[in-house]
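An overview of the molecular structure
Each chain, letter by letter, is given below.
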Amino acid sequence: MLKTFPVGGVHPSENKFSAGKKIETLPLPKSVTIPAGQHIGAPTQILVKKGDAVKVGQIIAKAGGFVSANIHSSVSGKVSKVDDIFDSSGYRRPSVVIEVEGDEWLEDIDRSENLKTEITLSKEEIIKKISEMGIVGLGGATFPTHVKLSIPDGKKVGNLLINAVECEPYLTADHQLMMEKADEILVGTTILMKALNVNKAYIGIENNKPDAISHLSEKSKNYKGIEVVALKVQYPQGGEKQLIKAVLNREVPSGGLPLDVGCVVQNVGTAFAIYEAVQKNKPLFERIVTVTGKSVNKPSNFLVRIGTSTDTLIEAAGGLHENSGKVVSGGPMMGKALSRTDVPITKGSSGVLIFKEEESKRDEIKPCIRCAKCVSVCPMGLEPYLLMTVSKSQNYERVESERALDCIECGSCSYTCPSSRPLLDYIRLGKSEVTKIIRSRNQK
Amino acid sequence: MNDVILYTLITLGGIGALSSIILFFVAQKFKVIEDPRIDLVEEVLPLANCGGCGYPGCRNFADACVKAEDLNSLYCPVGGNETMSKVASVLGQTVEGKEPQVAVLLCNGSNANRKHTSIFDSAANCTIAANTYGGETECTHGCLGLGECVDACNFNAMYMDPVTGLPVVIEDNCTACGACVKACPKNLFELRNKGKKSRRIYVACMNTDKGAPAKKACDTACIGCSLCFKACKYDAITMANNKAYIDYNKCVLCRACVEVCPTNAIHELNFPPRKVKPAKEEVANEPSTEVKSENQ
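Per chain, residue numbering runs from 1 following the sequence as it is written. Key to labels: chains lettered from A, ligands numbered from 1, both in the order written. In keeping with the model being predicted, local features are shown solely for residues with a pLDDT of at least 70 and side-chain atom pairs are shown and tallied solely at 80 or more, while totals for entire chains, interfaces and linings include all residues.

**Thoughts on the overall build of chain A**
Rule in force here: Secondary structure elements follow DSSP: runs of H or I of four or more residues count as helices, runs of E of two or more count as strands, with numbering from the N terminus. Just to be clear, the radius of gyration here is over C-alpha atoms, and the globule rule we use is 2.2 Å times residues to the power 0.38. Labels follow a simple rule on C-beta atoms placed from the backbone: if 20 or more others lie within 10 Å of a residue's own, it is buried; if 12 or fewer, it is exposed; otherwise it is partly exposed. The contact criterion used here is simple: two residues whose C-beta atoms, placed from the backbone, lie within 7 Å are in contact.
Assigned secondary structure in chain A consists of 14 helices and 17 strands. On C-alpha atoms alone, chain A measures out to a radius of gyration of 21 Å, which is about the 22 Å that the 2.2 N^0.38 rule sets for 444 residues. Reported as C-alpha extents along the three principal axes, the dimensions of chain A are approximately 65 × 50 × 50 Å. Buried residues in chain A amount to 50% of all 444 residues. Restricting the contact set of chain A to residue pairs at least 6 apart, pairs at least 24 apart contribute 73%.

Structure follows, in structure tokens:
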């Protein structure tokens, strides 16, 4: 029996059209728009101004605090504008626009393809390097990685988990990365183990990627303390808490962090970015993005410079079909529909998903029939129907006492509801209101 | 048979008598002495329990009125001056009249003025839409048109206009309780003085973007050109965050600002038609240069 998490979960059709497609490097765009905030935490401080010449890898925005991440230029050229520009949130946010001229990298970035396995830096130096290079969690949450690695006094970490589950349907970016850059990922994992001072790491992979499981298992024999764990296919196994429960059978307490059960979870893409940052001195300015969908002519995995317009990616994958109804940034379950396609790719964009007109429409909202399907699929053991009701009636005290803040927003409830009720939308509303209430309570 | 009835009557009667004695002493011991004037004040209040006064309900407001030394700091927006003078007469105090207010929508991004660039298909709730993204149009500050204010209104003073896609305030019903002000996630409602003959002048825009993107998103956006600021002789207009704001306490309703506004962002309500039309060409030339200097 394969391991998985015991409570809830769904299994949407996988539709991994771009699986097995080699990672293509997207040609340099004419200009890039780099948002100054691409992570969770404090906003950054922009260092460049209009007219400045920048090189690839040059820092253009400085972290505005401990929980924040540096932003680097992804191209070489001239800064043409520093202004508020629409990003994927649909709001105008401070961004830097750079006109591309040539492709001149900073000299200290190692551009060779050689695998560098020897780790020369010490624990503290590794964390400092990761923070300088602006590494954030590439699974989609974009939490600054150096914060996760700085363990507060009194906490002990026993295990590192590498999240290579990729439980979102359609997406294949991590899968392809594992097939092509297995050694780099394993070195990255070893670096993380050194930074955390642990000697056991698990790489969790779902069973729908048997080639990646066997490939990584084979390679991991050369590295000490890394074990590949095959997991049963079940959404949302990529959630931190679900992955820990599946691999180690430990339960993170309500409101707690993986640290409370002695674990740190990192995405497999982050492990690769850490390898490049620590061994090759390369800041996080490009990432792998899956462009896919039923109407897409050429579903692909692209290596994209941060700040490239989503339009460019869609064009490279064969263009928008006239029957397209919705463009989603991220996967179909947790991704967010874009209100416009000229928004830039950021550190957190794992995929661009194009839905056909008929797929994109929400069904008509019907009354709740009390079937409790949402309760049975909730991986956190919550009662989504109840949370929706109390949050709709603005009973936020009840929203809090029913533990809405434990919701990981995986969307299993909305996906499974036979009455197509917007459960998650209202739970999110309740969560944001409760967070506001808690914040004002703490200020008093 | 008679015995059973007799015993039952004695037992039940005994229990009843004993309970009433206990209840009598408990009631004496835990007596709550309440000012009888609270009931009198409550009688003259509208009893809408809307919370517009800042208290949870009408009884709490009545309690506050009785305790207050000066009634002028308290105001029931629903009942208005009439109710407040009644309250004052009950309590034997005097109260100064307050200017009646009305809720005003500070957005004119109707379907005709703002181009829709996307469709929001989630739950019809403004707060959810505002948390999700900027909105169906390029203006990220304007009305989302999902009617949370209409749901919040207790007095039937609001409805959604299907043509413009904006909420409309029915002035006669509006009590200025402020429920819509709290409900709107974009902070588009303001309570403004009703004014003489209900005449009002206000900037119907909350867009804080610079001139060019604001104008691109909406035909009647305030582009922050400061023409009205310069035209106002009474210091009623302040410029902040690329938009103008008219202070209703200082405004004398001269309409000088309405005439100079290049985008018709300043609204005038309930005024008689103008006698002389202002020369339009002169006005049209100026703003373009103004917008440029603003963007630099």
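**Some thoughts on the interface of chain B and chain A**
Where interface size is quoted, it is often the accessible area lost as the parts come together. Basically, it comes down to this: Under the convention adopted here, Pro, Cys and the residues Ala, Val, Leu, Ile, Met, Phe, Trp and Tyr are nonpolar, Asp, Glu, Lys and Arg are charged, and Gly plus all remaining residues are polar.
Counting from both sides, the interface comprises 13 residues of chain B and, opposite them, 13 residues of chain A. Residues belonging to the side of chain B that touches chain A are distributed by class as follows: 3 nonpolar, 8 polar and 2 charged.

**Points about the domain arrangement of chain B**
All names here are of chain B. Heads up, the condition is: Where each domain starts and ends comes from a domain assignment, either automatic or drawn from a database.
According to the domain assignment, chain B consists of domain 1 (36-91), domain 2 (100-194) and domain 3 (196-296). Taking only C-alpha atoms into account, the centre of domain 1 sits 29 Å from that of domain 2. Of the residues lining the interface, 6 residues belong to domain 1; the matching set on domain 2 comes to 8 residues.

**Quick look at the sheet that holds strand β3 (residues 45-46) of chain A**
Residue and element names in this part refer to chain A. The cut-off we apply is this: A strand pair is defined by DSSP finding two or more bridges across the two strands.
Overall, antiparallel pairing links the 3 strands, which are arranged β3-β5-β6 in an open sheet. Only two strands of the sheet have a single neighbouring strand rather than two, namely β3 and β6 (71-72). As defined by bridge partners, strand β5 (residues 59-62) adjoins β6 across 2 bridges and the pair is classed as antiparallel. In the sheet register, A61 faces β6, and the bridge partner there is I71.

**Quick word on the nonpolar core**
Note the following rule: Among buried residues, those of type Ala, Val, Leu, Ile, Met, Phe, Trp, Tyr and Cys that are joined through C-beta atoms within 7 Å form a set called a nonpolar core.
A:I274 and A:L313 are the most contacted members of the largest nonpolar core, which has 181 residues in total. Every residue in contact with A:I274, bar those within four places of it in the chain, is listed here: A:I130, A:I135, A:G188, A:I191 and A:L192.

**Brief notes about unusual backbone geometry**
Residue A:P236 follows A:Y235 across a cis peptide bond; omega there is -5 degrees. Along the polypeptide, A:P236 turns up in the loop between β11 (226-231) and α6 (240-248). A positive phi angle, close to 60 degrees, is found at B:L47, a residue other than glycine. By the secondary structure assignment, B:L47 is in the loop between α2 (36-44) and α3 (58-67).

**Considering the pairing of β5(A)**
Of the pairings in the sheet, the one linking β3(A) to β5(A) comprises 2 bridges and is antiparallel in character. Within the sheet, the bridge partner assigned to A:Q45 lies in β5(A) and is A:K62.

**Some words on the domain arrangement of chain A**
What the domain assignment lists for chain A is domain 1 (1-26 + 109-361) and domain 2 (373-443). Of the residues contributing to the side of domain 1 of chain A that touches domain 2 of chain A, the split by class is 8 nonpolar, 6 polar and no charged.

**Re the environment of A:I427**
Residues and elements named next belong to chain A. Tracing the sequence through the fold places I427 in helix α14 (residues 423-443). The buried category is assigned to I427, around which 25 C-beta atoms lie within 10 Å. Taking the C-alpha atoms as reference points, I427 and M388, 39 residues apart in sequence, are found 5.5 Å from one another. What I427 contacts, discounting residues up to four positions off in sequence, is P384, L387, M388, S391, A404 and C407.

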